[in-house]
Amino acid sequence: MKKIFYGWYVAVACGIGLACGLASVLTATFSIFLGPLRSEFGWTQPQAFMAILLVTGAVTIASPFIGALVDRFGAKRMIITGFLLEGAVIASFAVQTAALSGFYIRYIALAILGLGTTHVAFARVIAVWFDRHRGLALGLTLAGMGLGGIAWPLLSQWAIGEFGWRTAYVIVAVSVATVGILAIGLVVRESPATMGLEPDGAPSVPPATPVTTGATTGASTGATTPTTMQAGYTLAETMRQHSFWLMLAAFLLIGMAVQSLILHLVPLLVMRDVEPMRAAQAQSMVAAALIVGRLLAGVLMDRFFAPRVAVAFLVGPVVGIALLASGASGTAAFVAGVLTGLAAGAEVDVTAYLASRYFGLKYFSRIYAWYYSAYSAGAGLGPLLTAWAVEHQGEYTGILYFHGGMLVLAAVLLSFLGPYPRAFATAVDRR
């Protein structure tokens, strides 16, 4: 019986860790806690959603620095430290008062101190452990956000109902920190080399001429060498390429539209007289679709040109927007949420995959951090813009169509991406 490559255990553990990470917990619980907080303190929706904008502003600024730290000190150390800090900040919400300043400060602290638990670190681990199966491995790992998206809304809603929102914050904090640290600490290794292995479990090959940029050295075969795994453009070289800026703009737009739909799904359904628990179940359905989207996108990217895969997955949320704009509140709203979840899962997979294929792995974390920053900036601006629109217009229709237009523009931008540099492509990509 063939032994399972240890990298797959690493991918599963990273998926569990990512389920407990900042991006998963914040996205899955923000709207669940929003109702009780607004009810107790009298905050308006735009006031509350300003926290998301501040989070994404902090993430946008801090992510490149975290990426550099991951490249320098290793992903595992940054992830475990991030979980300790994330849990501490989430628990501090239990003493939140009516002062919005305290609410905002806590979210800014959560964004900065919890960044080690995001895709910036986890994608680095997977990109180093896998090459030929990188798409599937990324999909498996990043699907962890879907697991978190299923668990945390339901846990949060249950804890709020049983113990109140203050204790619920503590329960969530202890849960995410404990599960995340155990998964990463017990299973994850920094690279296959630490266990005498090669990426994908491939046999060792003799060292080749070092590849430091996108040159085609060593690219004529399907084998992965230690040198090609450490090949890559510098950040300065990356920023001189048009593909960097096309992707940055596209994922900014995708973040604005997709995260607006996800974060506003519960408030939208409640506005249409859907009961809170039913709305929470709808958000969990989004998370389930996110899992499917990430796994499916990962499999497809290992077989087809990734920008085309990304464009195909953008069709789903456009259809979802049309359903929601038409007034959907029952089954159709659930379908819209599922279509959005599929796209949210796929696009995050695609971002990490494209960064590794266009620019290599040597400086992967600091380059990928720019895309994470762009997506995060969009994820903050979009929901706040949506909240303002709803506050002034009293309904979601107009802003939904605006988000649909942004997704179409993002698809156009991605369609202009050219072939991967040969040094960073697999044998399948070079056909």
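Since this is a predicted model, take the numbers as computed values, not measurements. (Residues numbered from 1 in each chain as written. Predicted model: local features only at pLDDT ≥ 70, side-chain atom pairs only at ≥ 80, totals over all residues. Heavy atoms only, no water.)

Before going further, it helps to examine the environment of Leu 354. On the secondary structure map, Leu 354 appears in helix α16 (residues 331-359). Sequence spacing of Leu 354 and Pro 307 is 47 residues, and the spatial spacing of their C-alpha atoms is 7.9 Å. Setting aside chain neighbours within four positions, we find Leu 354 in contact with Met 247, Phe 251, Ala 306, Pro 307, Phe 359, Leu 417 and Tyr 420. (Helix = DSSP H or I, 4+ residues; strand = E, 2+ residues; numbered from the N terminus. Contact = heavy atoms within 4.5 Å.)

This part is about the environment of Gln 45. By secondary structure assignment, the location of Gln 45 is in helix α3 (residues 45-73). Accessibility expressed as a relative area gives 9% for Gln 45, which makes it buried. Setting aside anything within four residues of it in sequence, one finds Gln 45 in contact with Arg 38, His 264, Pro 267, Ala 387, Val 390, Glu 391 and Tyr 396. (Buried < 20%, exposed > 50% of the residue type's maximum accessible area, 1.4 Å probe, protein only.)

Vacant regions in the atomic arrangement are exposed by a probe of water-molecule size rolled over the atoms. In the structure shown here, the tally under the stated rule is four cavities of 30 Å³ or more. Taken together, 30 residues line the largest cavity, and the ones lying closest to its centre are Ala 23, Thr 27, Met 145, Gln 259 and Tyr 375. Only α2 (22-41), α3, α8 (144-163), α12 (242-271), α13 (276-301), α16 and α17 (364-393) provide two or more residues apiece to the lining of the largest cavity. For the lining of the largest cavity, the element with the highest residue contribution is α2, accounting for six residues. (1 Å grid on protein atoms, 1.4 Å probe; cavity = no way out; pocket = protein on both sides within 12 Å on 5 of 7 lines; lining within 4 Å. Points joined across faces, edges and corners; volume = space filled by probe spheres on them.)

Now for the pattern of salt bridges. Here the idea is simple: oppositely charged side chains can pair when their charged atoms come close. All told, the structure shown has five salt bridges when counted by the stated rule. For Arg 124, the salt bridge goes to Asp 71, with nearest N and O atoms at 3.3 Å. In this pair, Arg 124 is assigned in helix α6 (residues 119-129) and Asp 71 in helix α3, connecting sequence segments 53 residues apart. The class for Arg 124 is buried, based on a relative accessible area of 14%. Taken together, the shared-partner salt bridges connect Asp 71, Arg 124 and Arg 366 into one network. (Salt bridge = Lys/Arg side-chain N within 4 Å of Asp/Glu carboxyl O.)

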